[in-house]
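# Architecture at a glance
Take a look at the letters that make up each chain.
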Amino acid sequence: MTIRRSRDVPALVGAAREGDPRAVARLISLVEDGDEVLPRIAAALAPHTGEAAVIGLTGSPGVGKSTTTNELVRAFREAGRRVGVLAVDPSSPFTGGAILGDRVRMQDHATDPGVYIRSMSSRGHLGGLSAATPAAARVLEGAGCDPVVVETVGVGQAEVEIAGLADTTVVLLAPGMGDAIQAAKAGVLEIADVFVVNKADRDGADATHRDIQGMIGLGDRAPGQWRPRVVRCVAPRGEGIDELVEAIDAHRAHLRDSGELRARRQRRAEAEVEAIALGTLRARMKDLRSGSTLSALAEDVAAGRTDPYSAAEALLAQLG
């Protein structure tokens, strides 16, 4: 059986560990499809995960995320690091399709065996990521990628889910995309470990840099807590990328030395385990909904023979 259609988990994981991009692609496809072999994939990858740096890039559409990601990959490759990229694109609410155009912008690395780039559709999932992104990131880590760079959809201030997945969250801004009041708003700006003022050769870059520094100065930080750094970049020319890499590495060193890296990863694992458990419960609920139990309980509630909380307890007892 060819790799393209294979469901042989040990063979796929072994090939992925050897750097076979087709095996990596197949594993991620199985993850995205929620295939029944997904638990076996996770179990096979577990011994090879837990060490790679996960870097999240987020920001409004048009701020230059893909170009910055492209230049970051170049810098990491020059340092001899194998890089995995997950670029999440929005899916259409009408057709469910997605252009997956981020990969087009990263053609510089298309023939580099040390780089794996995967575009993923959000499939309607909110928060800037796809529901399969955490598991896909684990596939890339298991395949030997370090770092794994996750580029989000770019939906605005509420796109904060990346902070739960990444060790280091990089928020990109650009001149002309908001004033000091915008910079101070709650939401995506509060999750940044590193800020990038991209397109820093444009008018207004100094004001944007000043606004972000002012916002950081207003933050309430405990002694020894990380203070977000602000880096200026002109990504198409590669300007500021070395400083960005230095800021990312400095943040990772801080996380490791302070013990926060382990704490963040534990919180990430807790969230993923909870999501899997809730997904299993939803599947069981769907099975119950297709039977007569839920209908009978609903009829009793509607007729006043019982209350909704007692009915819910009875339904949960069925799940046990």
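One can find the structure itself at the top, above this paragraph.
In this report, the structure presented in the accompanying data block is examined. All residue numbers here refer to positions counted from 1 along the written sequence of the relevant chain. Owing to the predicted nature of the model, reporting of local features is limited to residues with pLDDT of at least 70; listing and counting of side-chain atom pairs is limited to 80 or more, with chain, interface and lining totals taken over all residues. Hydrogens and waters are ignored; side-chain quantities use all the structure's heavy atoms.

Moving on, we get to the environment of alanine 298. Within the fold, alanine 298 resides in helix H12 (residues 293-302). Each C-alpha atom, one on alanine 298 and one on alanine 311, is 7.6 Å from the other, the two residues being 13 residues apart in sequence. Counting from the N terminus, the helices are the DSSP runs of H or I reaching at least four residues and the strands are the DSSP runs of E reaching at least two.

Bringing the packing of helix H4 (residues 65-78) against helix H10 (residues 241-258) into the picture now. What counts as an axis is a line fitted to C-alpha atoms, over the stretch in contact for a helix, and the angles between N-to-C directions run from 0 to 180 degrees. Relative to each other, H4 and H10 sit at 75°, their axes nearing to 10 Å. The angle between H4 and H10 places the two elements in the roughly perpendicular class. In this structure, H4 uses Thr68, Glu71, Leu72, Ala75 and Phe76 to contact H10, whose residues at the interface are Ile241, Leu244, Val245 and Ile248. All residues other than Ala, Val, Leu, Ile, Met, Phe, Trp, Tyr, Cys, Pro, Asp, Glu, Lys and Arg, Gly among them, are scored as polar; the first ten of these are nonpolar and the last four charged. When its residues are assigned to classes, the contact of H4 with H10 shows seven nonpolar, one polar and one charged. If an angle is under 35 degrees, it is roughly parallel; if it is over 145, roughly antiparallel; if it lies from 65 to 115, roughly perpendicular; otherwise it is oblique. In this analysis, two residues are considered to be in contact whenever any of their non-hydrogen atoms come within 4.5 Å of each other.

Of the consecutive residues aspartate 146 and proline 147, the connecting peptide bond is found in the cis state with omega at 15°. Topologically, proline 147 is positioned in the loop between helix H6 (133-142) and strand E4 (148-151). Positive phi, close to 55°, is recorded for lysine 199, a residue that is not glycine. Note on placement: lysine 199 falls in the loop between strand E6 (194-197) and helix H9 (205-217).

This part takes up the side chain of glutamate 32. Structurally, the position occupied by glutamate 32 is in helix H2 (residues 21-32). A distance of 2.8 Å separates the side chain of glutamate 32 from the side chain of arginine 118, its partner in a polar contact. Polar contact is the term for a pair of N or O atoms within 3.5 Å; when the atoms are in protein, one must be able to donate a hydrogen and the other to accept it, and sequence-neighboring residues count only if both atoms are side-chain atoms.

Below, the discussion takes up a negative patch on the surface. A surface patch of like charges, here negative, comprises Glu78, Asp242, Glu243 and Glu246. Among the elements that make up the negative patch, the one with the highest residue count is H10 (three residues). By the element assignment, aspartate 242 lies in helix H10. Each patch is built from residues lacking any salt bridge and having more than 30% relative accessible area; the joining distance is 9 Å for like charges and 5 Å for nonpolar side chains (Val, Leu, Ile, Met, Phe, Trp, Tyr). Per-residue accessibility takes into account occlusion by the displayed protein chains alone, with areas from the Shrake-Rupley method and a 1.4 Å probe. Salt bridge criterion: a side-chain nitrogen from Lys or Arg within 4 Å of a carboxyl oxygen from Asp or Glu. In this charge count, Lys and Arg are treated as positive and Asp and Glu as negative; neither His nor the chain ends contribute. To locate a charge, take NZ of a lysine, CZ of an arginine, CG of an aspartate or CD of a glutamate.

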